Amino acid sequence: MQEQMKRASETREAENGDFQQTVADQRLTQMILAKALKRMKQVYYLIQAPGGPHIETSGTHTDPGNGPARFTNYEKHAGGSRVVSMIEEVIADSKKTEDEAIRAEEDAQGAYEIFMKDSNKGITSSTEMIMNLRSAEAKGREDMTMAKEDDKATFAELNSLHEASGDLHKSCDFMIDTFDARQAARTAEIEALGEAKAILSGMH
């Protein structure tokens, strides 16, 4: 994602550079043509103005004369008008090109800002997801460690209970195995006491 953002920034920078150059070129063209157009209109106006240079006398070097000259400037007038129209058209095209470049730049900049915004959101979301996964992984490892410790403690407790059970079992076996002998000894003991008591009773 960051590599794509880097390439997008480089592309946007290059596009902006082209835009700046295009606008500068078009405005320079418009300025130059505007000056030329202004000059052409001034000249054309002087040619058309009453009493202007298109009315010339047909005199000689000795007689100034007052008739129209043998040539006219009508063709020059038409040519000048065409040149003026052509310059105006070129200026209009240049302004159109400038306006289109500005709109394209605004669209490109808007798209770039949206892309960067969405990319930053994506990076933030991915970063949060990675952090959550790492946290879950750490928690899982901690739980596993605790479970292993619990297993060890449980095993030790079970082993201890097993040993106690073995001791108790041995004790029970001993009690069972020696029950008859202890019972006989107890009976003999009781009989001996009875005999001793009878003897003592007879002495009185």
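Every value quoted in this text rests on a predicted model; they were computed, and no experiment measured them. (Residues numbered from 1 in each chain as written. Predicted model: local features only at pLDDT ≥ 70, side-chain atom pairs only at ≥ 80, totals over all residues. Heavy atoms only, no water.)

Trainee: Whenever I open this one, the side chain of E105 confuses me. Can you help?
Mentor: Here E105 shows up in helix α2 (residues 74–177). On the accessibility criterion, E105 (10% relative accessible area) is buried. Here E105 is in contact with R12, E15, N16 and F19, once residues within four sequence places are set aside. (Helix = DSSP H or I, 4+ residues; strand = E, 2+ residues; numbered from the N terminus. Buried < 20%, exposed > 50% of the residue type's maximum accessible area, 1.4 Å probe, protein only. Contact = heavy atoms within 4.5 Å.)

Trainee: Explain the pattern of salt bridges to me, please; I cannot follow it from the model alone.
Mentor: It is possible for side chains bearing opposite charge to pair when their charged atoms get close. According to the stated counting rule, one finds 7 salt bridges in the structure shown. We note a salt bridge from K139 to D143, for which the minimum N-O separation is 3.0 Å. One end of the pair, K139, and the other, D143, are both in helix α2, 4 residues apart, so they sit about a helical turn from each other. (Salt bridge = Lys/Arg side-chain N within 4 Å of Asp/Glu carboxyl O.)

Trainee: Which parts of the structure should I look at to understand the confidence of the model for the chain?
Mentor: Low-pLDDT stretches of the model should not have their predicted coordinates read in fine detail. For the chain, per-residue confidence averages 79 on the pLDDT scale, and 80% of positions sit at 70 or higher. Low pLDDT, under 50, characterises residues 52–61; the stretch is placed with 23 contacts to residues that sit more than four places away or in other chains. Every residue in residues 63–76 scores below 50 in pLDDT, and together they form 17 contacts with partners more than four places removed in sequence or on other chains. (pLDDT = per-residue confidence, 0-100.)

Trainee: Explain a nonpolar patch on the surface here, please?
Mentor: Together, L28, M31 and I32 line one region of the surface with nonpolar side chains, adding up to about 280 Å² of accessible area. Mapped onto the fold, L28 is located in helix α1 (residues 2–48). (Patch = residues over 30% accessible without salt bridge, like charges linked within 9 Å, V, L, I, M, F, W, Y side chains within 5 Å. Areas by Shrake-Rupley, 256 points an atom, 1.4 Å probe, with all protein chains shown as cover.)

Trainee: How do you make sense of the nonpolar core when you look at a structure like this?
Mentor: The tendency in soluble globular proteins is for nonpolar side chains to be buried as a group. Residues L33, L37, V84, I87 and I91 constitute the largest nonpolar core, which totals 5 residues. Taken together, the elements giving at least two residues each to this core come down to α1 and α2. Broken down by element, the residue count for this core peaks at 3 residues, all from α2. (Core = buried A, V, L, I, M, F, W, Y, C linked by side-chain atoms within 4.5 Å.)

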